[in-house]
Amino acid sequence: MSGKRSAKSDPGQIRKKKKKELMTEFSEALMEETLKKQVTETWSRRMSFSDEAIVLDMDPFLHCVIPNFIQSEDFLEGLQKELLSLDFHDKCNDLYKFQQSDDLKKRQEPHITALRKVLFEDFRVWLSDISNIKLEPTVDMFCAKYEFTDALLCHDDELEGRRIAFILYLVPPWDKSLGGTLDLYNVDANLQPKQIVKSLVPTWNTLVFFEVSPVSFHQVSEVLSEEKLRLSVSGWFHGPSLTRPPSHSEPLITRSPHIPQDHEILYEWINPVYLDMNYQLQIQEEFEESSEILLKDFLKPEKFAEVCKALENGDVEWSSRGPPNKRFYERAEERNLPDILKGCMKLFYSEALFLLLSNFTGLKLHFLAPSEDDEVQDGKKEAAASAASGTEGTSHSSSEPEDNQTARNTTSQQDDGQTDSEPERNEAGRESKVPTCSGELRRWKTGHYTLIHDGSNSEFALDLVLYCGCEGWDPEYGGFTSYIAKGEDEELLTVNPENNSLALVYRDGETLKFVKYINSRSLEQKKTLPHRTGFWDFSFVYYE
């Protein structure tokens, strides 16, 4: 009998053995040859197909729903625990608000590892077979948590290499009233999203996937439950991208020069404090320091009350502004506005206001307003005149008209009859650029927003917004305007709605803006104002 211990029974070697790898499998029914052949055929023909194990639909774009995707319930519960123990990061910008984990491709937790294997090895092979798409083993997978008021707005998921998007839901019992649905949009003739035509309610252990394409517009609707958590694992299978058609360019927004109107319109509408010359100089100094200012109680109280009453009376014709991958709010039809609202619009288009804004900001929004170039030219003229007369900067022979020397005095300029819109000419006799503006009256309610997109403004401009009907508005509701630097998420400035306040912001070509999605918390406004469902604003953009 040998006294040597068998190599197999050596304790050291036993300790070095790896722990048995956790395994799981996806729906066995999908592997059945007859079903797989049917799905493959309907996919190639771009037809819909329905079975207990899988539903394939082509409307509004190719998408598929697989209930009971993972076979083991115990595995799912273990997976859920691992996912909830991850570190999540707040994700919040113009497009979304939710919490997301880091990429799961390197996580070593057993259930996450097993899910990654079943998705990107076994299921990927099945998906490649039925779609006839050569899918790469590339892993893009993360976990997302959506809580009360979280949402992901309209987008198409297109990014180089993404071919099929997927979502595995791990939610408690859920119905449409809780929000959090996956909403699918149809498209118009320009391949821009129109409206939601189908909503998929998240369900425990259901896998949804869809083809990423130029028309795969979708959103995650706002979660309306304060108790339930919408947990999911999602990502993309990669492969050769579909050919993308040329980007659709929206028609340019019409810009108008000012409407000839003398200073009387300012005295009729605007709080007298803002017509005081000394106060205008203070405003300009503050504005030039920060490129933004909020002027409170801008309109006369009685005028503002008339405006709000007209807005609340419901005599305004509103139309929805889209497409939803760029914006969603309502705009008033100007031709049918009540007289008081027409008058307010006229104020913002008026020559008198262009000049007043020049005084507030130092921008050249009127040919009488001096610019930096004017000041340089004036200095050169004075220097030349001084040299000719042999004096040291005391010449009064400047060729600048007397009216230009007093261009800051709105009242005297308008009283002198200078209300025509004839453009200024430079020394060579060439016409200078005429200041213009564009504007609209907007209505904001729950679910409204604007997004940053490829066609967002990329030039210098002065934004003006006058807010109405936002008593008690809380920034937690959304509806505020955020300014960010192009390519960055960090906010440079936030402008919150404030009743009868005029917000002025000067932005350059690298600064973009959006109005944050208005969530269901905004309905709390009805507790104190039962008739109120949001707020309004007069929104104008001025160009030098």
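Remember, predicted model here, so these are calculated numbers, not experimental data. All residue numbers refer to positions counted from 1 along the written sequence of the respective chain. With the structure being a predicted model, the display of local features is reserved for residues of pLDDT at least 70 and the display and counting of side-chain atom pairs for 80 or more, all residues being used for whole-chain, interface and lining totals. To get the side-chain values, all heavy atoms of the structure are used, and hydrogens and water are removed first.

1. Considering the packing of helix α8 (residues 339-349) against helix α9 (residues 351-361)
Every axis corresponds to a line fitted to the C-alpha atoms, with the helix fit spanning only the stretch in contact, and the corresponding angles, defined between N-to-C directions, vary from 0 to 180 degrees. Where helices and strands are cited, they refer to DSSP runs of H or I of at least four residues and of E of at least two residues respectively, numbered from the N terminus. Their axes nearest at 5 Å, the elements α8 and α9 cross at an angle of 50°. By the angle class used here, α8 and α9 are oblique. Residue-level inspection shows Leu 347, Phe 348 and Tyr 349 of α8 in contact with α9, the latter providing Glu 351, Leu 353 and Phe 354. Ten residue types, Ala, Val, Leu, Ile, Met, Phe, Trp, Tyr, Cys and Pro, are classed as nonpolar, four, Asp, Glu, Lys and Arg, as charged, and the remainder, Gly among them, as polar. For the contact of α8 with α9, the residue count by class is five nonpolar, no polar and one charged. Any angle that is under 35 degrees is reported as roughly parallel, and any over 145 degrees as roughly antiparallel; angles of 65 to 115 degrees are reported as roughly perpendicular and all others as oblique. It only takes one pair of heavy atoms within 4.5 Å for two residues to be counted as in contact.

2. As for the confidence of the model for the protein
How sure the predictor is of each residue is captured by pLDDT, a score from 0 to 100. Confidence in the prediction for the protein averages 87 pLDDT; 85% of positions are at 70 or higher. Low pLDDT, under 50, characterises residues 376-431; the predicted model gives this stretch 73 contacts beyond four residues in sequence or across chains.

3. A closer look at the pairing of strand β13 (residues 230-238)
Summarising burial for β13: nine of the nine residues are buried, a large majority. Alternating residues of β13 divide into Arg 230, Ser 232, Ser 234, Trp 236 and His 238 and Leu 231, Val 233, Gly 235 and Phe 237, and every residue in both groups is buried. Each pair of strands is called paired provided DSSP finds at least two bridges between the two strands. Note that strand β6 (residues 140-146) and β13 share seven bridges and pair antiparallel. Within β13, the position partnered with Asp 140 by the bridge is Trp 236. With seven bridges joining them, strand β8 (residues 162-169) and β13 adopt antiparallel strand pairing. Within the sheet, the bridge partner assigned to Ala 165 lies in β13 and is Trp 236. Classification of residues uses two cut-offs on accessible area relative to the type maximum, computed with a 1.4 Å probe and protein chains only: under 20% is buried, over 50% is exposed, and between them is partly exposed.

4. With respect to the packing of helix α2 (residues 33-44) against helix α4 (residues 110-131)
It is at 8 Å that the axes of α2 and α4 come closest, and there the two elements cross at 50°. By the criterion of interaxial angle, the relationship of α2 to α4 is oblique. Contacts between α2 and α4 involve Lys 36, Val 39, Thr 40 and Trp 43 on the former and, on the latter, Trp 126, Leu 127, Asp 129, Ile 130 and Ser 131. Taken together, the residues of the contact of α2 with α4 sort by class into five nonpolar, two polar and two charged.

5. Some words on the pattern of salt bridges
Salt bridge, as used here, is a side-chain nitrogen of Lys or Arg placed within 4 Å of a carboxyl oxygen of Asp or Glu. Summed over the entire model, instances satisfying the criterion amount to 24 salt bridges. Glu 250 is the partner of Arg 327 in a salt bridge, and the nearest nitrogen-oxygen pair spans 2.9 Å. Placement of the pair is Arg 327 in strand β16 (residues 327-332) and Glu 250 in the loop between β13 and α5 (264-269), with a sequence separation of 77 residues. Glu 250 gets classed as partly exposed once you look at its relative accessible area, which sits at 30%. Across the salt bridge formed by Lys 296 and Glu 498, the nearest N and O atoms sit 3.3 Å from each other. Linking Lys 296 in the loop between β14 (292-295) and α7 (301-312) with Glu 498 in the loop between β21 (491-495) and β22 (502-507), this pair joins segments that are 202 residues apart in sequence. Exposure remark for Glu 498: the relative accessible area of 31% places this residue in the partly exposed category. It is possible to trace a salt-bridge network through shared partners that takes in Arg 46, Arg 163 and Glu 211.

6. So, helix α3 (residues 73-84)
Between the first and last C-alpha of α3 there are 17 Å, a value that for twelve residues agrees with the 16 Å anticipated at 1.5 Å per step. Among the residues of α3, those classed as buried are Phe 75, Leu 76, Gly 78, Leu 79, Glu 82 and Leu 83. For α3, the angular spread of the buried residues around the axis is 165°, confining them to a single face. Of the exposed residues in α3, those oriented more than 90 degrees away from the buried face are Asp 74 and Lys 81. Polar contact criterion, stated in full: a pair of N or O atoms within 3.5 Å, where within protein one must be able to donate a hydrogen and the other to accept it, and residues adjacent in sequence count only if both atoms are side-chain atoms. The backbone nitrogen of Asp 74 has a side-chain oxygen 3.4 Å away, supplied by the residue at the start of α3, namely Ser 72. The span one expects for a helix is its residue count, reduced by one, times 1.5 Å. Directions are taken from the helix axis to each C-beta atom, and the arc is the one they span.

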